[in-house]
Amino acid sequence: MSMQLNPEFRRQLWLQISATRLILAPVVIAIVVALLASTEPTASSIHGTAWVALSLAVLFWGTSVVGTSIRDEITGRTWNQQRMSRLTPWQLMSGKLFGATSYVWYVALLCALVAIFSGRADAGALGSHSPAVEYVFLLALGLFAHSVALMAPLAFQSGSGEPRVSVPTIAVFALVFVAFKAAPLGLTGGNGESVHTEWFGMTTTPQLLAMWTALSLAAWGILGAWRAMRQALQVQQLPWALPAFLAFIGVWAAGNTGLSETSMIIRVLIGATLALAAAAWVLMLWEPQSLFTWQRIRMHWAARERSRAITGVSAATSVVAFAVVGALLVAATTVTSGGAEVAGVRPAGFFVKTAGSGTLDVASHVGAFLWLALVLLRDFAFTLLADTFTTSPRRRSAVILLYLLFMYVAVPAALQTVSSDGSDWWLPTQFAAAPIILALITLLAMVGALISRMPRTVTAIATKS
């Protein structure tokens, strides 16, 4: 359904747009431009002021308006009425994302016109090296910030339904991201076009790379806002978006590394796997896990309700699953010399070849990523086990944090005091076989403890809504 027929979009336009506001914006901008021209009659000062106003309007004003629109619905107790209406998740999301910011984009358009015309009048003005790229980058980054501000109150709510993430938090995030990308774009006045960078062997300019990155983030942000709206409307959906976004971040980072001797397939898999693994540990610590949820998933699966079983999987579970698969794929593609025979790898020969090497070949990545898959499964099993002997989310997070410190700090330090290379038997820094075997043993022990803590009787749950 188009924006013209979107009821939420039309409602937001009615709230945001009026004849007075439409006339007021160009009048104020014209007064500011006239004052700048009279006090400092240079096109550079006008261009710089217009660019700053454009950035503030898109990144901070727009972000605040989007976040406020959804937070006001939740705190004003009108959100449930919208949820029960016939509006689709896409209509609600697009109406608030583009309708609530309609006046912001109107002001931003006026500022952009002033910046463009003043930039043409002054060849040395700020952003004159590649103005189109800079404007596209800024607008795409603004869309990403708006999407995050929209999904945050929906995704992070307290038990009473009140949003726990405020708009200033998102604004600070946007500020940090802009500061991080300001130097590559040459927004500080440097000649950015004379600098080149490589991404997966392709030579490009930092401006173009930053622009495509911002466009990709804008697309991911809109997708995330749409899925957050679907979740708020209790629409069942498969848990693939978060692992896919994390994999994208890892692949993007892997393209900027200097591992030119490694094949592109392995670099992509390594980047995606490391990003997923890092996020998996964070989600294990932050997201509550429950054995009851797993029993319900198992009951749905046994009843052949595959879609309901998969949609009940938590974010931490999906990220851990994709990270384990990625780690195994890295090891498998390395063993088969670039991934030509990944499907034909036999597990027994794969493990024997890895453990029999004696030392970890850093170029092969086999031992390290096989160990990574095992410890991810082991740590996730412990998070489920921690749910059985803790009574509150805070205590559960504390127990998991102590467990991680014990497994990755205390144990290697204790082994190091026993022997000079004792920590290499626990972490895969030198020996490949020992850490893999110990990780497998501890994984089996953790799974055994988890099974022993499971309830003996399972209460049948209804398989029909």
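Everything numeric here is computed off the predicted structure, so don't read it as measured data. (Residues numbered from 1 in each chain as written. Predicted model: local features only at pLDDT ≥ 70, side-chain atom pairs only at ≥ 80, totals over all residues. Heavy atoms only, no water.)

With respect to the overall build of the protein chain
Each helix and strand counted, the protein chain has 18 helices and 2 strands in total. Within the protein chain, buried positions represent 44% of all 465 residues. Of all intrachain contacts in the protein chain linking residues separated by at least 6 positions in sequence, the fraction that spans at least 24 positions is 76%. Roughly 23,600 Å² of accessible area belongs to the protein chain as shown, and the carbon and sulfur atoms make up 69% of that amount. (Helix = DSSP H or I, 4+ residues; strand = E, 2+ residues; numbered from the N terminus. Buried < 20%, exposed > 50% of the residue type's maximum accessible area, 1.4 Å probe, protein only. Contact = heavy atoms within 4.5 Å. Areas by Shrake-Rupley, 256 points an atom, 1.4 Å probe, with all protein chains shown as cover.)

A word on a nonpolar patch on the surface
Residues L22, I23, V27, I31 and L35 make up a contiguous nonpolar surface patch of about 440 Å² in total accessible area. For L35, the location among the structural elements is in helix α2 (residues 19-39). (Patch = residues over 30% accessible without salt bridge, like charges linked within 9 Å, V, L, I, M, F, W, Y side chains within 5 Å. Salt bridge = Lys/Arg side-chain N within 4 Å of Asp/Glu carboxyl O.)

Quick look at the nonpolar core
In this structure, V319, L372, L376 and F382 are the most contacted members of the largest nonpolar core, which totals 43 residues. Broken down by secondary-structure element, the contributors of at least two residues to this core are α11 (264-286), α14 (315-335), α16 (366-386), α17 (393-418) and α18 (433-453). No other element matches the 14 residues that α16 contributes to this core. Ignoring anything within four residues of it in the chain, the contact list for L372 reads T273, A277, W281 and A327. (Core = buried A, V, L, I, M, F, W, Y, C linked by side-chain atoms within 4.5 Å.)

Thoughts on the side chain of Q82
Tracing the sequence through the fold places Q82 in helix α4 (residues 79-83). On the basis of relative accessible area, Q82 is assigned to the buried category, the value being 9%. For Q82, the side chain forms a polar contact with the side chain of E8, separated by 3.1 Å. Apart from the residues lying within four places of it in its own chain, the contact partners of Q82 are E8, R11, E73, L92 and K96. (Polar contact = N/O pair within 3.5 Å; in protein donor to acceptor, adjacent residues only side chain to side chain.)

Side note on the side chain of Q12
For Q12, the location among the structural elements is in helix α1 (residues 7-16). Discounting residues that sit within four places of it in the chain, Q12 has contacts with G95, K96, G99 and A100.

A short note on the pattern of salt bridges
Taken as a whole, this structure holds 5 salt bridges when the rule is applied. For E73, the salt bridge goes to R11, with nearest N and O atoms at 2.7 Å. With a gap of 62 residues between them, E73 in helix α3 (residues 43-75) and R11 in helix α1 connect regions that are remote in the sequence. Judged by relative accessible area, which is 9%, E73 ranks as buried. For D379, the salt bridge goes to R378, with nearest N and O atoms at 3.3 Å. Of the two residues examined, D379 and R378, each falls in the buried class. Shared partners join several salt bridges into a network, and the residues in it are E8, R11, E73 and K96.

A look at the packing of aromatic side chains
Scanning the model with the defined rule gives 8 aromatic pairs in all. Considering the side-chain rings of W61 and Y103, the 6.0 Å spacing of their centres and the 85 degrees angle between planes classify their relative orientation as edge-to-face. You can see W61 sitting in helix α3 and its partner Y103 sitting in helix α6 (residues 102-121), a full 42 residues away along the chain. What makes Y103 buried here is its relative accessible area of 7%. Here W220 and F248 contribute two aromatic rings whose centre-to-centre distance is 5.9 Å and whose plane-to-plane angle is 40 degrees, an arrangement assigned as tilted. With W220 in helix α9 (residues 206-232) and F248 in helix α10 (residues 241-254), the pair connects residues that are 28 residues apart, well separated along the chain. In this structure an aromatic cluster arises from ring pairing among W61, Y103 and Y106. Of note, R21 hangs over the ring of Y103, and the distance from its end group to the ring centre comes to 3.9 Å. (Phe/Tyr/Trp six-rings, centres within 6.5 Å; stacked < 30°, edge-to-face > 60°. Lys NZ or Arg CZ within 6 Å of the ring centre and 35° of its normal.)

Side note on unusual backbone geometry
In this structure, Q234 is a non-glycine residue whose phi angle is positive, near 60 degrees. Tracing the backbone shows Q234 in the loop between α9 and α10. With relative accessibility at 65%, the residue Q234 sits in the exposed group.

Observations regarding the packing of α11 against α17
Packing of α11 against α17 brings their axes to within 8 Å, and their N-to-C directions diverge by 140 degrees. Judged on the interaxial angle alone, α17 and α11 are oblique. Contact residues: α11 offers W281, M284 and L285, while α17 offers R396, S397, I400, L401, L404 and Y408. Looking at the contact of α11 with α17 residue by residue, the classes come out as 7 nonpolar, 1 polar and 1 charged. (Axes fitted to C-alpha atoms, helices over the stretch in contact; angles between N-to-C directions. Parallel < 35°, antiparallel > 145°, perpendicular 65-115°, else oblique. Nonpolar A, V, L, I, M, F, W, Y, C, P; charged D, E, K, R; others polar.)

Topic: the environment of V319
One can find V319 in helix α14. Taking the C-alpha atoms as reference points, V319 and P243, 76 residues apart in sequence, are found 5.3 Å from one another. In this structure, V319 is in contact with L242, P243, L246, L276, A279, A280 and L283, ignoring residues within four places of it in sequence.

So, the packing of α1 against helix α5 (residues 89-99)
One can describe the packing of α1 onto α5 by two numbers: an axis separation of 7 Å at closest approach and a directional angle of 25 degrees. Looking at the two axes, α1 sits roughly parallel to α5. For the crossing formed where α1 meets α5, the hand is right-handed. In this structure, α1 uses P7, E8, F9, R11, Q12, L13 and Q16 to contact α5, whose residues at the interface are Q91, L92, S94, G95, K96, F98 and G99. (Left-handed = near helix turned anticlockwise from the far one by under 90°.)

Side note on the environment of A278
In this fold, A278 is placed in helix α11. In this structure the C-alpha to C-alpha distance between A278 and A323, which are 45 residues apart in sequence, comes to 9.1 Å.

Here we look at the confidence of the model for the protein chain
Low-pLDDT stretches of the model should not have their predicted coordinates read in fine detail. This prediction gives the protein chain a mean pLDDT of 77; 76% of its residues lie at or above 70. Averaged pLDDT values over the elements of the protein chain bottom out at 43 in helix α15 (residues 347-355) and peak at 91 in α5. In the model, residues 183-192 has pLDDT below 50 throughout and makes 18 contacts with residues more than four positions away in sequence or in other chains. In the model, residues 456-465 has pLDDT below 50 throughout and makes 15 contacts with residues more than four positions away in sequence or in other chains. (pLDDT = per-residue confidence, 0-100.)

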